[in-house]
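Coordinate inspection notes
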Amino acid sequence: MRIFILLISSLILSVLTHMFFIIEWINDRYMVGPNDGLGQILTFKKLLYEQYTSGNLFYSYAFGFGAGTYSQLAYYFSTSIFFILTLGVIVVLQSGHIVETVDILFWSKAAVYLSICRLTLIIFISTLVFRYMKSNWFASFIGASVYAITILYFRHATYWEFFADALLWIPLLVFGVEKIFREARIEWFMFAVAITSFDNFYFAYINLIFIAVYILIRWFIKLDKEEVGSWRKFRLLLISGVTGFGISLVSFIPAVHGLFNNHRPPYNKPIPFFHWDNIFFASGYVIVPILFLIFLYSFSLYKNPVFRLFTILSLFLLILHFSPMVASFFNGFSAPQYRWEYILNFTMGGTVASGLHNLMKIGKRELVLSTILVIATYFGAFLYSQRWSITSFPILIMFTLLFLTIALLLVFNWRRSKALKYVLHVWILLITLVLGNIFQYSISTYGHVNNVSKEHLSSEKYNGPEQQALLQQLKRYDPDPYYRVDWKIGYSNNTPIIQGYNGMSVYSSILNRHLISFYLHDLHIDMGRESVSRYATLGNRANLHSMLQGKYMMIEKKHRKKIPYGFKKIMDSEHYAIYENTNILPFVRTANRIFLEKDLENSHALEREQAMLEGVIVTSRASQTGTTPKISDIIDQATIKTPGATYKDDLLSVTKKRGGIDLFINESNRDTKDYYVSFHLESLAESEGFALKVNDYRTTRKHNRSIYKTFVDDLTIRIPKAEKIKIRLPKGEYILKDLALYEEDYRSLEKVKSSVSKPIDFHWDDNRIKITYNNQSNAQYMVLPIPYEKGWKATINNENQTVEKVNYSSVGIPLKEGMNRIEFVYAPPYFWSSLAVSVTSLILGIWLIWRQREIRRE
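The rules behind the values
- Residues numbered from 1 in each chain as written.
- Predicted model: local features only at pLDDT ≥ 70, side-chain atom pairs only at ≥ 80, totals over all residues.
- Heavy atoms only, no water.
- Helix = DSSP H or I, 4+ residues; strand = E, 2+ residues; numbered from the N terminus.
- Buried < 20%, exposed > 50% of the residue type's maximum accessible area, 1.4 Å probe, protein only.
- Contact = heavy atoms within 4.5 Å.
- Lys, Arg positive; Asp, Glu negative; His and termini not counted.
- Charge placed at Lys NZ, Arg CZ, Asp CG, Glu CD.
- Core = buried A, V, L, I, M, F, W, Y, C linked by side-chain atoms within 4.5 Å.
- Patch = residues over 30% accessible without salt bridge, like charges linked within 9 Å, V, L, I, M, F, W, Y side chains within 5 Å.
- Areas by Shrake-Rupley, 256 points an atom, 1.4 Å probe, with all protein chains shown as cover.
- Salt bridge = Lys/Arg side-chain N within 4 Å of Asp/Glu carboxyl O.
- Pairing = 2+ DSSP bridges.
- Axes fitted to C-alpha atoms, helices over the stretch in contact; angles between N-to-C directions.

Focus: the overall build of the chain
Within the chain, the secondary structure is distributed over 27 helices and 27 strands. Counting only C-alpha atoms and orienting by the principal axes, one finds that the chain spans roughly 100 × 70 × 50 Å. Out of the 858 residues belonging to the chain, those deemed buried represent 60%. In the chain, 74% of the contacts between residues at least 6 apart in sequence involve partners at least 24 apart. Put simply, the chain has 90 plus and 68 minus side-chain charges, and the middle of one group is 9 Å from the middle of the other.

Written out as structure tokens, the structure reads:
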């Protein structure tokens, strides 16, 4: 009965805590961040829901140019326990026709209710754990609320929802350790390690580091007189921890492979050792509870081992919070990110629970001294910050709550009545609720979450009806499910997932490094926006569009945008138009001419592009069979002028608001359709991003301090044939060197297009592709416009065939003479071997638990 009452109480507290966002929901505004929330969280939920409910667990052709989502989206939701359980509930609701359409709007509306359910579980589980740590029920419940209802929880749950799931597993890990230390029972620690490692590899890294520190400190602080002996504790922790980790490997190994297959430049900027954060008034990461400070200065409480354990951990973690180096450590030694502080909130919640349980042990003089020290701490923090006046909202709120709490504590300490004790406990819960809703208001107002509304989600800025209507018209015009449309709204790289078509852009923290390298290093494809976590479009380069199934381009009429060569307008609406590529090449291509990557190392990106068009580029072979394409640099035929700027010794100084370089082509080739201008460009400004324009083409570059800067500064920009090429930059100083100019007449593209007699048929079902090809021309290779990943396997005529990385990032295989019955199958890297280890570990774990119970019975 107590458990049921606790669950209902946790739910009521969670609902009351979310009142701000519930009211927002009533007004059609949702608990979703305006940037990553709309751009990633909702879109990946939509994508994975559609995949999983159709029985496709591993691969999506709709994720960018195609990707193994089980591995690449493991950082987000593909292995999230809470998300998988949510899917199960939705499927049940759909079967009962309670839920009909599961789309972006559905996930937006569901966000606050999912957060309520998650927070209910966090409070419920944490209360049980604190109760097991020898605090009374009410104290444990309040301690759990201190842990759960925090600024960090609402930041996580609103902006990056999957971050908030990590709060579920910390209490379970602690409970598992305590079960071993006190009762020599291994099942809970085994389960906790398995579930946190399965759920999310990133937060498993943080959680397991914390639990290792917890074990180390706990080793020297005994909570019971009759605890398990040291050697036995070590043995049980090792056996259960390793077994639990083994159970998780079916998720953990593919996920970690996705991380290591990601492209992210190393963070080389200096990281300071110390950074002040006002954790008493207005930190965006952690606000120290008033009661925690009062108990911290109540020195008699340190006689209690549970209080001493949680307080030592809290002080240690508080010190670490002020170091960006620690934030970098918890972020995998990358740029400092403050995402780990939920473990600090947990230990402070434990301190509060234990302090409330032992409240009667605090003497009158001790409490007076404690309150004086607390007031001094708050005033010291206020004076040190020098950010707000005494009448500012955060200061007034915190000082008001501080003095009211102190007054109530002093009255209770003097009178010591049971009624006052309950009033005090209710007051603390009320403070938690008030602060929780203030946190939500702050996030909504200052984080622009209040812009995420039903109106916005159906607007032309996100997923407009006119855009949808034109895309549906295109699908009726061409029902082929494998063509790609070059279209996205602004910087929303996941527009294809939102609007339900195969695009050529994506935004995700984990991406295929071969594909990113293809963009940045191998072909120098400009994306319109510099980023390490995105790719988009193909720089309007017709050859790449034709090879990578870029059959259509949708544009907004009001924007002046030059479409690639060979595209013609086929349909439009009031504000949008769609163009079709008249030179699209088949999905399945074969090649006789073979080029080696090493022989093209010093070639220009356009020469590599020509080699891909005329044949195939492979990583290793005895010798190449094609002559390396050569394209002449005609920069010497151009006259260079510098309007609004000076240019000398590779230093470009723009003195006007906008200025740069003009290239006048003296002898234009009649057959030239496009120019490609290449150069190396760096801004000498330390922290100013900038926009680069080359004629009508515009792209943006990150500032030099940005953690998302690629540090790849070699650019190649396609420009329709013109008498003058204008390179324009904002006022400032730049390094501009290696300036080159190339012509393109597209004869090679049109020749390859005309040589195609009949496309090769193929059948694609989820993660399996079947192709039957009679190789009468003795072609050497088959190439597919699918990004190469380690998980692809292939057979030809039922014989295993190695899948190769060709054309820098695509899937390819050598062909046999005559009939080739080919089957490609994708599974996450190491999935089957890690599944075998997981199943073996699970069987072993069940046997160990059964064996331990049998021994206890004896």
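Concerning the nonpolar core
Across soluble globular proteins, you tend to see nonpolar side chains buried next to one another. Formed by 237 residues in total, the largest nonpolar core has its most connected members in Trp107, Phe281, Tyr342, Tyr378, Phe518, Trp792 and Phe824. Top contributing element to this core by residue count: helix α6 (residues 104-132), with 16 residues. Contact partners of Phe281, with chain neighbours within four places excluded, come to Ile287, Tyr378, Ala381, Phe382, Trp388, Pro394, Ile395, Met398 and Phe399. Core analysis: the second largest hydrophobic core is formed by 27 residues, Ile661, Leu681, Val694 and Leu736 among them.

Topic: a nonpolar patch on the surface
A grouping of Met1, Phe4, Ile5, Ile8, Ile12, Leu16, Met19 and Ile23 is seen on the molecular surface, where their side chains present a nonpolar patch of about 760 Å² in accessible area. If you list the elements that add at least two residues to the nonpolar patch, you get α1 (2-17) and α2 (19-26). Here the nonpolar patch gets 5 residues from one element, more than from any other, and that element is α1. Looking at where Ile8 falls in the secondary structure, it is placed in helix α1. Residue classification places Ile8 among the partly exposed residues on the basis of a relative accessible area of 34%.

Let's talk about helix α8 (residues 151-159)
Within α8, 9 of the 9 residues are buried, which leaves it mostly tucked inside the rest of the structure. Residues Ile151, Leu152, Tyr153, Phe154, Arg155, His156, Ala157, Thr158 and Tyr159 constitute the buried set of α8.

Regarding the sheet that holds strand β3 (residues 484-486)
The sheet built from 4 strands is open, its strands ordered β3-β6-β8-β7 with mixed pairing. On the outer flanks of this sheet lie β3 and β7 (567-572), each paired with one strand and no other. In this sheet, adjacent strand axes meet at a mean angle of 30° when their direction is disregarded. Sheet analysis places strand β6 (residues 550-556) next to strand β8 (residues 576-581), joined by 5 bridges and oriented antiparallel. What sits directly across from Met554, in β8, is Ile578.

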